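Structural features, examined
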Amino acid sequence: MSDAPSLRTPSQRIAWATTIVVSTLVFIFLIAPILAIMPLSFSSGSYLTYPLPGLSLRWYNDFINSPRWMNSLKNSMVIGVASTTLSMVLGTLAALGLAQWKSRLKPLVLAFVLSPVVVPGVITAVGLYFFFAPIGLTGSYLGLILAHTALATPFVVITVGATLQSFDTNLARAAASLGASPLEAFRRVILPLILPGLASGALFAFATSFDEVVIVLFMAGPEQRTLPREMFSGIRENISPTITAAAVILTTVSVVLLATLEALRRRNERLKGGGG
Amino acid sequence: MTAASLTGADAETKVPLKRRLKQAERARQIKALALVLPLLLFLLFTFAGPIAGMLWRAVDDQEVRQVLPQTIVALANWDGKDLPDEKAYAALANDIQAARAAGTIAIAAKRLNYALNGFRTILTSTARNLKIQPEPGTAKEALGKINPAWRNRTTWTTIRDAGGPVTSFYLLAALDLVRNADGAIVAASPDQAIYREIFARTFLISLGVTALCLILGFPVAYLLAALPPGRSNLLMIFVLLPFWTSLLVRTCAWIVLLQSNGVVNESLHWLGIIDAPLRLIYNRFGVCVAMTHVLLPFMILPLYSSMKAISPAYMRAAASLGAPPLTAFLRIYLPQTLPGIGAGSLLVFILALGYYITPALVGGAADQMISYFIALYTTETANWGLASALGALLLLATVLLALVYGKLVQGQQVTGGMKN
């Protein structure tokens, strides 16, 4: 490879070649399973192996015509959007506050705010199960939305906080000195600048909720089953190609989220590059 | 000293300004705190509160106390050496009749059965056969006649020890320990001592997965850090796409690939390498492969960022000073990646410890990690005390490791700042 680091000796060339070979194998390991199940969802047969007997959309048809799968997709969307909205409000406010707050307690508060990410899912789920059951929040949409918001908000605090760190507070002061009210300064100066950060935070929050299954496993009634929850039962009972269709739909959502995030990052870098 | 040396006019204008600035700053700080407060209150309700509740359940012991209140009072002054006196027997007879009327016998029976196998039968049979309150002074004899277990000291120490209001019973049980009739902590009987092995298994699987992630992740991170940004950004998609793909999709993919009539086995068979399908899933191998796949990005990303921060000038300097490439790598490059290795390994290990979904779906019965048992005792057998105690121990391990991780990452930021 032409762009490899300076390779002076044969042994260095061998080491570099080994790195490339091993890395390629790891990349295959990472990507192949995800790519391998996609074509299976278009199979006309019901066995999950290659070669495919023929192509068809029967499993997608199955998915769309199954009230169970469609209801789970709807649930994932409703819970995802609601918990994203709630975590955006709470997380953005907190990130704004944390950016200005100076205290010795700040690392402690930050650790507390971020802890839902680190604590094992089962522990949060068991705790919520005990806590929400007596007040009627298990088997309800509200309970799931609240729980997912708790898990998603740390990502909003991190992404929005990172954006605020690169934000020049003098701009807000300038707005204030030019007579803008705090609300107006936020709406017309701060908000447009941190919008990409907010969007990334929202994507992270949505992805967190959309992918979450442990809490749903403990707390959802039959009415609130989400797409990952339905996949969990499906995998346990028997893997039909309909699950691979569901997997393709889930992966498509992930790819769209990832692509949007990448576009935001590029835009942000371009803006930064243009400014500096 | 400064205030005294100032002229009067200066002091008058400066001090109020200073104070005004201070007041403005304090108002800003209060406003900042007010912005954080909603989230703090929210997390208190949806996260910290529930977890505190779970921790409380690990030591909470109210069932027996509520169902057999008089017995617990009567046993309070019992020395535990011989059988308790007639008063305790009469109190128990009273309690059992009241509990039978209230339908609460099963609650106490379940709790006592955890401590002494067979207690459920003792209590229910006694409740069934104790038709009338025994004549004063004959309770001891009457109960002993209904079930000889009441002539046994251990039966009574079990009730006393389960009398609450708090207990170390579940936490000890989670460590395969138990309190004997004399109150000493001893090893639990072999058929109940399963949790140390499960904890050891959880640590072992997490350690293995961490090692696999490091071995596979290091070359990839090195490659990504060495390539020019354009290329490495492109290759980064291979790391980020699995990272963003649903855990369920990835687990499902591995089952489809590895099951006995799955893609891998069929391909190997078709190629003539194997005759009978290999057992690749629903065992330890499948768990390690699937977990490594899920956690690998968490290793690659911190490794990559620590390698990206290493200036190529160091390696050039080492080479120009005559170090052979391998020596330069081992003594110059590798030590600088150690913080990244530490951070990545700790992160993967912490995340692996709490894994539930992947082992539950691709593991066999002997590959289930601690989270599986916490879930099992919560939803299936409703042994909430034990579930909470196991959860408390898992949480403790996680929090300790997370503190080390925090120190490590913080240290990196400090040195990173000094380098700039």
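The preceding data block contains the structure.
So, here's what we can say about the structure. The model shown is predicted, which means the values in this text are computed figures rather than measured ones.

Here we take up the overall build of chain A. Within chain A, the secondary structure is distributed over 11 helices and zero strands. Shown N-terminal to C-terminal, the secondary structure of chain A runs as helices and strands in the order α-α-α-α-α-α-α-α-α-α-α. Against the globule reference of 19 Å for 276 residues, chain A gives a C-alpha radius of gyration of 24 Å, more extended than a compact globule. Over its C-alpha atoms, taken along the principal directions, chain A stretches across nearly 70 × 70 × 30 Å. In chain A, which comprises 276 residues, the proportion classed as buried is 42%. Considering only contacts in chain A between residues 6 or more positions apart, those separated by 24 or more positions represent 75%.

So, about the overall build of chain B. Within chain B, the regular secondary structure consists of 20 helices and two strands. Its C-alpha atoms give chain B a radius of gyration of 32 Å, clearly above 22 Å, the size a compact globule of 420 residues would have. Summarising its shape, the C-alpha atoms of chain B cover approximately 100 × 100 × 40 Å along the three principal directions. By residue count, 40% of the 420 residues in chain B fall in the buried class. Put simply, of all contacts in chain B between residues at least 6 apart along the chain, 69% involve residues at least 24 apart.

Glancing now at the environment of B:Leu212. Summarising the element assignment, B:Leu212 is placed in helix α11 (residues 195-226). Residues B:Leu212 and B:Val289 lie 77 residues apart in sequence; the distance between their C-alpha atoms is 8.9 Å.

With 73 residues of chain B at the interface, the matching set in chain A holds 73 residues. Examining the composition of the side of chain B that touches chain A, we find that 18 residues originate from one element, helix α2 (residues 8-57) of chain B, more than from any other. Grouping the amino acids of the side of chain B that touches chain A by side-chain chemistry returns 51 nonpolar, 17 polar and five charged.

This brings us to the nonpolar core. One recurring pattern in soluble globular proteins: nonpolar side chains tend to sit buried together. All names here are of chain B. If you look at the biggest cluster of nonpolar residues, it comprises 157 residues, and the most contacted ones within it are Cys252 and Leu295. At 15 residues, helix α15 (residues 284-308) tops the list of elements feeding residues into this core. Of all hydrophobic cores here, the second largest spans 28 residues; its members include Val64, Leu92, Ala93 and Leu123.

Our focus in this paragraph is the packing of helix α3 (residues 67-100) of chain A against helix α10 (residues 227-237) of chain A. All names here are of chain A. One way to put it is that α3 packs onto α10 with a least axis distance of 7 Å and a crossing angle of 140 degrees. Taken as axis vectors, α3 and α10 run oblique relative to one another. Residue-level inspection shows Arg68, Trp69, Ser72, Leu73 and Ser76 of α3 in contact with α10, the latter providing Leu227, Arg229 and Glu230. Residues belonging to the contact of α3 with α10 are distributed by class as follows: three nonpolar, two polar and three charged.

If you want to describe how two helices pack, look at the angle between their axes and the distance between the axes. Taken N-terminus to C-terminus, the directions of helix α1 (residues 10-40) of chain A and α11(B) make an angle of 115 degrees; their axes are 9 Å apart at the nearest point. The pairing of α1(A) with α11(B) is recorded here as roughly perpendicular in orientation. Judged by the sense of rotation from one axis to the other, the crossing of α1(A) with α11(B) is left-handed. Packed against α1(A), whose contacting residues are A:Thr19, A:Ile20, A:Val22, A:Ser23 and A:Val26, the element α11(B) presents B:Leu216, B:Pro219, B:Val220, B:Tyr222 and B:Leu223 at the interface. The residue inventory of the contact of α1(A) with α11(B), partitioned by class, reads eight nonpolar, two polar and no charged.

What follows concerns helix α9 (residues 153-161) of chain B. For an α-helix, 3.6 residues make a turn, and residues three or four places apart therefore share a direction. All names here are of chain B. In terms of burial, α9 is largely enclosed, as seven of its nine residues are buried. Taken together, the buried positions of α9 are occupied by Thr155, Trp156, Thr157, Thr158, Ile159, Arg160 and Asp161. Its buried side turned inward, α9 meets α3 (63-67), α4 (69-75), α6 (105-115), α7 (119-129) and β1 (177-179).

Rules used in this analysis
- Every residue gets a number counted from 1 within its own chain, in the order that chain's sequence is written.
- Each chain takes a letter, starting from A, and each ligand takes a number, starting from 1, following the order in which they are written.
- At least 70 in pLDDT is required for a residue's local features to be given in this predicted model, at least 80 for side-chain atom pairs to be given and counted, and no such filter applies to totals for whole chains, interfaces and linings, which use all residues.
- Secondary structure elements are defined from DSSP: runs of H or I of at least 4 residues count as helices, runs of E of at least 2 residues count as strands, and each element is numbered from the N terminus.
- Atoms considered for the radius of gyration are the C-alpha atoms alone. The globule rule reads 2.2 Å times the number of residues to the power 0.38.
- Labels follow a simple rule on C-beta atoms placed from the backbone: if 20 or more others lie within 10 Å of a residue's own, it is buried; if 12 or fewer, it is exposed; otherwise it is partly exposed.
- In this description, any two residues whose backbone-derived C-beta atoms lie within 7 Å of each other are considered to be in contact.
- In the scheme used here, Gly and all other residues not listed as nonpolar or charged are polar, with Ala, Val, Leu, Ile, Met, Phe, Trp, Tyr, Cys and Pro taken as nonpolar and Asp, Glu, Lys and Arg as charged.
- To define a nonpolar core, we join buried Ala, Val, Leu, Ile, Met, Phe, Trp, Tyr and Cys residues through C-beta atoms within 7 Å and take the resulting set.
- Whenever a helix is involved, its axis is fitted only over the stretch in contact; in every case the axis is a line through C-alpha atoms, and angles between N-to-C directions fall within 0 to 180 degrees.
- Angular relationships are summarised with four words: roughly parallel below 35 degrees, roughly antiparallel beyond 145, roughly perpendicular across 65 to 115, and oblique for the angles in between.
- For a crossing to be left-handed, the near helix must be turned anticlockwise from the far one by less than a right angle; the clockwise case is right-handed.

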